[in-house]
Amino acid sequence: MSITATELKSNLGKYLLLAATEDIYITRNGKVVAKLSNPYQDRVDIARSLFGILPDDVTLEEAREERLSQI
């Protein structure tokens with residue numbers, strides 16, 4: 001979503017809530033000057049992509065050993 005700096009100033013609360021689920025690009029004079037985003041979104045996306053990869057019977061120690069053996 002793209003909004004003007006004036007729109008952001010007028011409705012900051014609204015855009016802070018929206019930033020939890022999508023990136024907000026702030027423009028001034030038609031040029032993007034900032035991006036408002038969720039700082040944890042990358043972590044959430046990574047965690048979701050890993051869900052279901054490991055079998056249920058794998059222990060934390062086994063996963064750690066496998067990861068270290070690949071280095």
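Since the model is a prediction, treat every value here as computed from it, not as a measurement.

Draft legend 1. The arrangement of the nonpolar core in detail. Counting residues in each nonpolar core, the largest one holds seven residues, listed as Ile3, Ala5, Leu8, Tyr15, Ala19, Ile24 and Ile26. Elements represented by at least two residues in this core include exactly α1 (5–10) and β2 (24–28). For Tyr15, the residues in contact, after removing those within four places along its chain, are Met1, Ile3, Glu7, Leu8, Ile24 and Leu36.

Draft legend 2. Region of the structure containing the sheet that holds strand β1 (residues 2–4). If you trace the three strands from one edge of the open sheet to the other, you get β1-β2-β3, paired in mixed fashion. The sheet is open, and its two borders are formed by β1 and β3 (31–36), each paired with just one other strand. Going from strand to strand, the sheet's axes swing by 35° on average, the running direction of each strand aside.

How each quantity is defined
- Residues numbered from 1 in each chain as written.
- Predicted model: local features only at pLDDT ≥ 70, side-chain atom pairs only at ≥ 80, totals over all residues.
- Heavy atoms only, no water.
- Core = buried A, V, L, I, M, F, W, Y, C linked by side-chain atoms within 4.5 Å.
- Buried < 20%, exposed > 50% of the residue type's maximum accessible area, 1.4 Å probe, protein only.
- Helix = DSSP H or I, 4+ residues; strand = E, 2+ residues; numbered from the N terminus.
- Contact = heavy atoms within 4.5 Å.
- Pairing = 2+ DSSP bridges.
- Axes fitted to C-alpha atoms, helices over the stretch in contact; angles between N-to-C directions.

Distances and angles like these do not, on their own, reveal function.
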